Structure formats: C-alpha cells, structure tokens
Amino acid sequence: MKNIAVLVSGGGTNLQALIDAEKRSEFPSGRLSLVISSKADVYALERAVNNNIKTAVVSWADFKPDRKAFSQEILKLLKENNIDLVVYAGFMIILDECVCTAFPNRMINVHPSLIPAFSGEGFYGLKVHEAALARGVKLSGATVHFVNEICDGGEIILQKAVEVKDDDTPETLQARIMEVEREILPKAVKLLV
Ligand code: GAR
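Keep in mind that this is a model prediction, so the values were computed, not measured.

Caption draft 1: Structural view of the side chain of Ser-59. Relative to the elements of secondary structure, Ser-59 occurs in the loop between β3 (55–57) and α3 (60–63). With residues up to four places along the chain from it excluded, the contact list for Ser-59 reads Ser-38 and Phe-70.

As structure tokens, this is what we get:
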C-alpha cells in the first residue's frame, strides 16, 4: 500500500476529488494518509478531518520568508509518515528543492492552465485565469505534472483543455477548469500508485 500525502492551502476541492476517488476504489493500492496545510483554518483541513485523514499545519506565516526551514519541516513530516507519493492540490507555496529531490518522480502538482502557458512564479489561483483572459486565449485547461526544482517545470503527466467563452470572468473560467482538475488529478494518482 502506498501512502499518499496531499498538500493544500485553501478550499480543498481537489483534495475532495481524491477522497471521492479513493472511496470509489479508483486507486486501491494507495491510501490518503496525510494532509498538510500551509494555513490553519482552511476548509481543506475540515474535509480531511471529516474523512478521518491525519492532518498537519505547517503555517507559512510562521516561517515566512524562510522557505528552507518551512520546506524542511514539511519534509520531516513526509518522512515520519512514510509517504510514497506527494500531491500538491492547491498548495500555494513554492518549496525548496530539498523536498522534490527527496521524492524524485513521486511528487505531482495540479496547475490551472495548459502548461507552459500561464505558469511559473506568480501564476497561481485566479491570477492564472485573469492572465488567460487578458491574453485572449480561446482554450485553457488544467495540467498535472511532476514537481521538480523549476516552478511548474516538471514533466507533464496529463492535460485537459476547456473552451474559453466570450463572456467568461476569471471566476467562471476558474470554475470550468476546476471541474477538469477534479477529473485529471485522481487519474494521475491512479496512474502513479
Ligand atoms: C486550483 O485551481 C489549483 O489548480 C490552483 O489553486 C486551486 C486550488 O483549489 N493551484 C494553483 O494555482 C497552484 N499554482 P482547491 O483548494 O479547491 O483544490
């Protein structure tokens, strides 16, 4: 059985998609065994608790700007819990490379655009969709990729496109893209475990 850790910073709809997929036995040889949040009081933590998944908070606010110490704390938790696969699901902090080098090809991220468009430092959450609309792209989408030392730069595992509509706002585009995130993230976990 592979132990899966999910890293979150917010609402946790992607975490919920993983919880639901686990309940449907979509990755029977994997177990969601730890959720780590970079913020206290986020709904993602409640989702984990409601589903009896162990939680931990490593508050970026307490470590900022010491990225290395923050990352080492997360790495310690991952090792203590014998984690095999790490999933960034709406995790908003770029970790020091000591974490991804400890989990080569065993750490994945879901990003709300078709990488390499609208990706890299500064592109997160609604900002991604604002930039896509400002550029006038007709297609956007979601990507699941391996995490390496380059922000959003690791090998692509899965992508799915969505149409951008003339009357889209960042929020409506985000909602449509989050639907496909919830589809491709569990699929990628299934492939990897
Ligand atoms: C998701 O759209 C995810 O792709 C994005 O934040 C949202 C989190 O939603 N992540 C990034 O922008 C990372 N670069 P969730 O907390 O409901 O899963």
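Caption draft 2: Spatial organisation of the pairing of strand β6 (residues 139–146). Counting buried positions over the 8 residues of β6 gives 7, a clear majority of the element. Alignment of strand β5 (residues 107–111) against β6, held across 4 bridges, turns out to be antiparallel. Residue pairing across strands places Val-110 opposite Val-144, the latter belonging to β6. Relative to strand β7 (residues 156–163), β6 runs antiparallel, the two sharing 7 bridges. By the bridge assignment for β7, Thr-143 is matched with Gln-159.

Caption draft 3: Main features of the packing of helix α1 (residues 13–23) against helix α7 (residues 170–192). At a closest axis distance of 9 Å, the pairing of α1 and α7 adopts a crossing angle of 50°. If you check the angle between α1 and α7, you find them oblique. Remark: the crossing between α1 and α7 carries right-handed chirality. Taken together, the residues of α7 that come into contact with α1 (itself represented by Thr-13, Asn-14, Ala-17, Leu-18 and Ala-21) are Met-178, Glu-181, Arg-182, Leu-185, Pro-186 and Val-189. A breakdown of the residues in the contact of α1 with α7 according to their chemical character gives 7 nonpolar, 2 polar and 2 charged.

Caption draft 4: Molecular detail of the site of the ligand. Taken together, 15 residues form the shell around the ligand, and within it Gly-12, Thr-13, Asn-14, Gly-125 and Glu-181 come nearest. At 3.0 Å from an oxygen atom of the ligand is found a side-chain nitrogen or oxygen belonging to Asn-14. In this structure, a nitrogen atom belonging to the ligand sits 3.3 Å away from a side-chain N or O atom of His-111. Starting from 450 Å² of accessible surface for the ligand in isolation, the protein chains cover 93%. Among the secondary structure elements, those contributing two or more residues to the shell around the ligand are α1, β5 and α7. Split into classes, the residues belonging to the shell around the ligand amount to 6 nonpolar, 8 polar and 1 charged.

Caption draft 5: Layout of the sheet that holds strand β4 (residues 85–88). One open sheet accounts for 7 strands, arranged β3-β2-β1-β4-β5-β6-β7; its pairing is mixed. Only two strands of the sheet have a single neighbouring strand rather than two, namely β3 and β7. Between one strand and the next, the sheet's axes are offset by a mean angle of 20°, whatever the strand orientation. Seen against the sheet, α7 touches β1 (2–8), β4, β5, β6 and β7 and runs at an angle of roughly 155° to β7.

Caption draft 6: Summary view of the packing of aromatic side chains. Within the structure shown, the criterion is met by 4 aromatic pairs. Measuring from centroid to centroid gives 5.7 Å for Phe-63 and Phe-70, while their planes differ by 70°, and the two rings are edge-to-face. Overall, the relative accessible area of 0% leaves Phe-70 in the buried class. Measuring from ring centre to ring centre gives 5.4 Å for Tyr-88 and Phe-91, while their planes differ by 85°; the resulting arrangement is edge-to-face. Per residue, the accessibility class of Tyr-88 equals that of Phe-91, and both read buried. Ring pairing ties together the aromatic residues Trp-60, Phe-63 and Phe-70, which thus form one cluster.

About the criteria used
Residues numbered from 1 in each chain as written. Predicted model: local features only at pLDDT ≥ 70, side-chain atom pairs only at ≥ 80, totals over all residues. Heavy atoms only, no water. Helix = DSSP H or I, 4+ residues; strand = E, 2+ residues; numbered from the N terminus. Contact = heavy atoms within 4.5 Å. Buried < 20%, exposed > 50% of the residue type's maximum accessible area, 1.4 Å probe, protein only. Pairing = 2+ DSSP bridges. Axes fitted to C-alpha atoms, helices over the stretch in contact; angles between N-to-C directions. Parallel < 35°, antiparallel > 145°, perpendicular 65-115°, else oblique. Left-handed = near helix turned anticlockwise from the far one by under 90°. Nonpolar A, V, L, I, M, F, W, Y, C, P; charged D, E, K, R; others polar. Near = heavy atom within 4 Å. Polar contact = N/O pair within 3.5 Å; in protein donor to acceptor, adjacent residues only side chain to side chain. Areas by Shrake-Rupley, 256 points an atom, 1.4 Å probe, with all protein chains shown as cover. Phe/Tyr/Trp six-rings, centres within 6.5 Å; stacked < 30°, edge-to-face > 60°.

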